[in-house]
Amino acid sequence: MSNGSYLLTDDKMITFIIRGYYIVEPDLPEDLNKTIYNQLERLIEDPGDALLDMVPEMYRIYEDPQVAGVLSSLLGEDYEIDGYPYCHINPPGTRSQGWYKKSAEQPPHQLHTVLVMYYPQDVSTELGPTVIMPGTHFRVVSPDNLATYGSFQDQVVLSVKAGTVVIAHGNIWFTAAANRGKRTRYMVRTHFSRTSDLIGPTWDHTPDESVELLSRFESERACLCSQSDQQKESELRMEMWHYLMGTGEMAEEEYESS
Amino acid sequence: MPTAFESIKTWITRARAKLESEAIGEVDLDELEQILDECRDKKRQRLLYLQTVTPGIQSQVIGMALHEPIGDSTVEIMVDGQEWPYQTVHDAIVDGWRVIHFPEQQLSADEGELGMLGCEFILQKQEIYHE
């Protein structure tokens with residue numbers, strides 16, 4: 001359950017719909033991230049689905065009110081963990097990886113599942129940061145077809161502070177850069193999913209203010225792409241808004257009459 | 001791994017410096033000859049994948065992956081804000097790259113659906129390497 005004051009506003013929901021991710025910097029106790037880092041360091045082998053048993057402090061990350069507020073906004077209050085957390089371990093000398101996306105896709109205009117990435121240590125550009133590509137959550141492609149991509153001009157390098165939680169649409173493209181630093185970079189990846197059908201907005205929605213904000217779907221660009229792609233993307237953004245509002249055509253009529 | 005061009009340039013730079021105080025000798029020429037021998041039959045193919053906004057060669061590059069013909073090399077993701085070497089495919093052609101694959105002209109996905117990002121060109125450059 002989330003504290004209502006940490007729900008996303010309409011403006012932030014629209015940013016999420018456009019870009020496909022949201023960065024949370026929760027107010028965590030100073031030693032919590034260090035404790036989690038040290039516990040991950042002590043793991044001798046991949047704990048598989050026992051990670052939460054071996055690093056129970058991770059529950060405090062997922063239950064943080066700011067994190068829970070974003071998850072409630074995106075998935076509804078009764079969201080639940082989907083599968084088990086997985087720890088990505090990038091020791092010094094690890095090379096850049098290929099782009100990846102989850103293969104079991106949700107329809108591009110819907111939001112059933114989000115990817116949650118937690119970083120227990122500061123991540124500089126030297127330490128093998130995660131790199132994500134904004135707007136790609138709308139693209140229907142096989143993960144194998146991402147094999148020829150390298151760097152993108154509009155990619156976002158997640159050079160973040162310890163304790164940062166990045167919440168992204170489950171379809172977004174992401175990769176990891178090379179670790180040229182001297183310590184291991186950990187990232188704990190989890191999925192959370194919606195459990196019930198939408199009947200209305202689950203974030204801090206203000207009907208009068210949101211209508212004007214919807215013009216951002218046409219005017220803002222997540223990444224440089226063709227005109228026809230931009231047009232399709234604007235339409236998909238509006239479809240996702242309808243879906244999240246649980247109101248179908250009503251939101252579109254509000255927008256068109258504004 | 002330096003290219004033959006780079007190794008010979010380095011030799012010339014050292015030779016010029018040496019000429020300021022002494023003459024170039026047999027040893028130096030032997031070294032140059034050794035470089036040339038080591039470069040023989042060492043022509044390799046470099047591959048450059050460029051994704052652009054539209055299928056035109058003057059279109060803005062949005063993605064890039066450079067594959068070097070070195071045994072253990074991988075494509076590195078650029079994270080330090082480095083300047084991109086080419087803003088268009090035409091820039092790469094002017095720099096000596098040759099297009100070996102052009103993107104498809106037709107739409108890459110069903111109407112209303114978004115597919116792959118960008119139009120993909122594949123370019124090659126043959127280089128002689130000094131191993």
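For the structure itself, look to the data block above.
Peer 1: Break down the overall build of chain A for me, citing the residues and quoting the values.
Peer 2: Counting its regular elements, chain A contains nine helices and nine strands. Rg of the C-alpha trace for chain A: 18 Å, near the compact-globule value of 18 Å for 258 residues, within the 12% margin. Counting all 258 residues of chain A, 55% fall into the buried class. For chain A, the proportion of contacts with a sequence separation of at least 24, taken over those separated by at least 6, is 88%. For chain A, the exposed surface amounts to about 11,300 Å²; the carbon and sulfur share of it is 46%. Mean positive and mean negative side-chain charge positions of chain A (20 and 39 charges, respectively) differ by 11 Å.

Peer 1: Could you give me a rundown of the overall build of chain B, with the residues and numbers involved?
Peer 2: Along the backbone of chain B there are three helices and four strands. Secondary structure elements of chain B occur, N-terminal to C-terminal, as α-α-β-β-α-β-β. Over its C-alpha atoms chain B spans a radius of gyration of 20 Å, topping by over 25% the 14 Å that the globule rule assigns to 131 residues. In terms of principal-axis extent, the alpha carbons of chain B reach across some 70 × 30 × 25 Å. The 131 residues of chain B split such that 35% are buried. Of all intrachain contacts in chain B linking residues separated by at least 6 positions in sequence, the fraction that spans at least 24 positions is 65%.

Peer 1: Which residues make up a negative patch on the surface, and what are the values?
Peer 2: A grouping of Glu77(A), Asp78(A), Glu80(A) and Asp82(A) is seen on the molecular surface, where their side chains present a negatively charged patch. By the secondary structure assignment, Glu80(A) is in strand β2 (residues 80-90).

Peer 1: Let's hear about the packing of aromatic side chains: which residues, and what values?
Peer 2: Enumeration over the complete set of coordinates arrives at eleven aromatic pairs over all chains. When the ring of Trp203(A) is compared with that of Trp241(A), the centres are 5.4 Å apart and the planes differ by 55°; the resulting orientation is tilted. Of the two residues, Trp203(A) sits in the loop between β9 (185-193) and α6 (207-213) while Trp241(A) sits in helix α8 (residues 227-245), which places them 38 residues apart along the sequence. For Trp203(A), a relative accessible area of 5% translates into the label buried. A relative accessible area of 1% places Trp241(A) in the buried class. Here the aromatic rings of Phe102(B) and Phe121(B) are separated by 6.0 Å at their centres, their planes lie at 70°, and the arrangement is edge-to-face. One end of the pair, Phe102(B), is in the loop between β3 (98-101) and β4 (119-128); the other, Phe121(B), is in strand β4, with 19 residues separating them in the sequence. Residue classification places Phe121(B) among the buried positions, given a relative accessible area of 0%. One aromatic cluster is present, formed by Trp99(A), Tyr149(A), Phe152(A) and Trp173(A) through successive ring pairs.

Peer 1: Kindly report on the nonpolar core, identifying the contributing residues and their values.
Peer 2: All names here are of chain A. Among the nonpolar cores identified, the biggest contains 51 residues, and Leu-74, Val-114 and Ile-167 are the most heavily contacted of them. Sorting elements by how many residues they give to this core places α8 first, with seven residues. Not counting chain neighbours up to four residues away, the residues in contact with Ile-167 comprise Phe-16, Gly-20, Tyr-21, Tyr-22, Val-24, Val-67, Val-70, Leu-71, Leu-74, Val-114, Leu-115 and Val-116.

Peer 1: Before we move on, can you summarise the sheet that holds β2(A) with the specific residues and values?
Peer 2: All names here are of chain A. The sheet built from five strands is open, its strands ordered β1-β7-β3-β9-β2 with antiparallel pairing. A single partner strand is all that each edge strand has here, and the edge strands are β1 (21-24) and β2. On average, adjacent strands in this sheet sit at an angle of 20° to one another, irrespective of strand direction. Pairing geometry for β1 and strand β7 (residues 165-169), over four bridges, is antiparallel. Bridging across to β7, Tyr-22 finds its partner in Ile-167.

Peer 1: Lay out the interface of chain B and chain A with the relevant residues and their values.
Peer 2: Counting residues at the interface gives 28 residues for chain B, matched by 35 residues for chain A. Counting the surface lost from both chain B and chain A, the interface buries some 2,800 Å², and carbon and sulfur atoms represent 57% of this. Considering only the surface of chain B that becomes buried against chain A, Ile77(B), Leu114(B) and Leu117(B) emerge as the three largest contributors, covering 30% of it. The tally of links from chain B across to chain A stands at two salt bridges. Between Asp80(B) and Arg180(A) there is a salt bridge whose closest N-O contact spans 2.9 Å. Counting across the chain B and chain A interface gives 17 residue pairs in polar contact (both at pLDDT 80 or more). At the level of elements, β1 (43-52) and β2 (61-67) of chain B are the ones that each hand at least two residues to the side of chain B that touches chain A. A total of five residues in the side of chain B that touches chain A trace back to one element, the largest contributor, which is β2(B). For the side of chain B that touches chain A, the class distribution of residues is 14 nonpolar, eight polar and six charged.

Procedures and definitions
Residue numbers run consecutively from 1 along every chain, following the written order of its sequence. To read the labels, note that chains go from A and ligands from 1, taken in the order they are written. For this predicted model, a pLDDT threshold of at least 70 governs which residues receive local features, and a threshold of 80 or more governs which side-chain atom pairs are given and counted, while totals over whole chains, interfaces and linings are taken from all residues. Each side-chain value is derived from all of the structure's non-hydrogen atoms; neither hydrogens nor water enter the calculation. Strands here are runs of E lasting at least two residues and helices are runs of H or I lasting at least four, both read from the DSSP assignment and numbered beginning at the N terminus. C-alpha atoms define the radius of gyration, and 2.2 Å times the number of residues to the power 0.38 defines the globule rule. Think of it in three bands: with a 1.4 Å probe and only protein chains considered, a residue is buried below 20% of the maximum accessible area for its type, exposed above 50%, and partly exposed in between. It only takes one pair of heavy atoms within 4.5 Å for two residues to be counted as in contact. Note on areas: Shrake-Rupley with a 1.4 Å probe; residue coverage comes only from the protein chains shown. Note on charges: Lys and Arg go in the positive column, Asp and Glu in the negative column, and His and the chain ends are not counted at all. The atom standing in for a charge is NZ when the residue is Lys, CZ when it is Arg, CG when it is Asp and CD when it is Glu. Each patch is built from residues lacking any salt bridge and having more than 30% relative accessible area; the joining distance is 9 Å for like charges and 5 Å for nonpolar side chains (Val, Leu, Ile, Met, Phe, Trp, Tyr). A pair is scored as a salt bridge if a Lys or Arg side-chain nitrogen falls within 4 Å of a carboxyl oxygen belonging to Asp or Glu. Note on aromatic contacts: the rings of Phe and Tyr and the six-membered ring of Trp form a pair at centre separations within 6.5 Å, being stacked when their planes are under 30 degrees apart, edge-to-face when over 60 apart, and tilted otherwise. Throughout this description, the term nonpolar core refers to a set of buried Ala, Val, Leu, Ile, Met, Phe, Trp, Tyr and Cys residues connected via side-chain atoms within 4.5 Å. DSSP-based pairing: two strands are paired if at least 2 bridges between them are found. For every element, the axis is a line fit to its C-alpha atoms; helices are fit only across the contacting stretch, and the angle between N-to-C directions ranges from 0 to 180 degrees. Two parts lose some accessible area (1.4 Å probe) when they are put together, and adding that loss for both gives the buried area. Any pair of nitrogen or oxygen atoms within 3.5 Å is treated as a polar contact; in protein, a donor-acceptor pairing is required on top of that, and neighbouring residues in sequence qualify only through side-chain atoms on both sides. Three residue categories are used. Nonpolar comprises Ala, Val, Leu, Ile, Met, Phe, Trp, Tyr, Cys and Pro, charged comprises Asp, Glu, Lys and Arg, and polar comprises the others, including Gly.

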